[in-house]
Amino acid sequence: MTTVLVTGGAGYVGSHNVMALINSGFNVVIFDNLELGHIEIVEVLKKVSASGKVIDFIEGNLKSFDDINSVFNKHNIDAVVHFAAYSQVAESVKDPQKYYFNNVYGTLNLLKAMMEHNVYRIVFSSTAATYGEPEYVPIDEKHPQNPINPYGRTKLMIENIMDDYDRAYGLKSVRLRYFNVAGADSNSRIGEWHNPETHLIPNILKSTFGSDKSFKMFGTDYNTKDGTCIRDYVNVEDLAQAHILALKYLLNGGETSFYNLGTNEGSSVKEVFSACEAVTNKKIKLEVLGRREGDPAALVANNQKAALKLGWIPKKTLTDSVTSAYNWEKELDKNYKY
Ligand code: UFG
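Residues numbered from 1 in each chain as written. Predicted model: local features only at pLDDT ≥ 70, side-chain atom pairs only at ≥ 80, totals over all residues. Heavy atoms only, no water.

Caption draft 1: Quick peek at the sheet that holds strand β5 (residues 121-127). One open sheet holds the seven strands; their spatial order is β3-β2-β1-β4-β5-β6-β11, and the pairing between them is parallel. Only two strands of the sheet have a single neighbouring strand rather than two, namely β3 (54-59) and β11 (257-261). Adjacent strand axes in the sheet meet at a mean angle of 20 degrees, parallel and antiparallel pairs treated alike. Two elements, strand β4 (residues 79-82) and β5, share three bridges in a ladder whose sense is parallel. Bridge pairing in β5 places His 82 opposite Phe 124. Against the sheet, helix α6 (residues 150-169) engages β5 and β6 (172-178), with an angle of about 155 degrees to β5. (Pairing = 2+ DSSP bridges. Helix = DSSP H or I, 4+ residues; strand = E, 2+ residues; numbered from the N terminus. Axes fitted to C-alpha atoms, helices over the stretch in contact; angles between N-to-C directions. Contact = heavy atoms within 4.5 Å.)

Caption draft 2: Structural context of empty space enclosed by the protein. Inspection of the entire model under this criterion finds one cavity of 30 Å³ or more. Considering only enclosed or pocket space, the largest cavity measures out at about 40 Å³ in volume. No other element matches helix α11 (residues 318-335), which puts three residues into the lining of the largest cavity. Tallied by class, the residues present in the lining of the largest cavity amount to four nonpolar, one polar and two charged. (1 Å grid on protein atoms, 1.4 Å probe; cavity = no way out; pocket = protein on both sides within 12 Å on 5 of 7 lines; lining within 4 Å. Points joined across faces, edges and corners; volume = space filled by probe spheres on them. Nonpolar A, V, L, I, M, F, W, Y, C, P; charged D, E, K, R; others polar.)

And the structure:
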């Protein structure tokens, strides 16, 4: 039985991957410091895996080599899927040290502990933010990587470190560059849970809880079809399947590689807003504000490489993602007062 260590497994993308790994028959060890992840999510995952596939949850911090090393002393890990990271662009500009220490130094500790225990396979959660301001869309993997903020730079540095470690030590990595992750578990057991929430879909949906709240739209004067920013919203369950495929590829002896995870399709903020009104069947209060600093007009993935090499075809639509996100928001509102 293959045992996979999932760092950041109590967070949004990480927890949906744990769910998919369990369903695909892997044993999972979750490592998370619970700063942004939630123990309630871990409890749900443990319950789901009544079969015993979540074999352990270990609370610890990647900035401590001893914390992460002890995981490898305790369990026979075959491969790692690495999500644990800070991911707020604006915060990374204000406090880059926080990002470089956590994301880069934390990953260095993880890679050191892996190699000391002869673990040489890792799937890494990278981002479209490594590309920076797009020179063309859809963005393929040949697009230059010139990140424009410290968050994107931490992820690019880690990709570069992984290439150096492959050349020197034979570490094999698959780096998955996510576009805009959306949606929740189809059965509403887990979902996106940030505090404060900055992402578009949960923010629109949250404004339907309580009559006084309005949704704030940042900028309607972009050079796009309707003046609002275009993004490529990829469903979190589809995304999890890409990680399973990447992991299997590495376990079968695959070489280091990297893929965009998106849908090839862009949706504007106004289109997402309309999709939310349609799914919730509510008229949502809208406040139009100026542009948010650092938002590029359009980011859309070319996902052909992942289709060709990994066989990954995302299946869910924007409406599917908004529907599962809404069901999850209702769960959050009812069961986890936030
Ligand atoms: N937006 C609003 N109102 C809100 C929230 C967002 O109008 O309350 C707009 C933004 O201005 C943007 C779009 O909705 O035009 C999407 O914004 P998100 O914050 O949901 O997502 P981003 O595209 O800014 O960020 C995503 C990931 C980041 C990653 C980045 C790469 O969430 O982790 O893509 O560019 F770094």
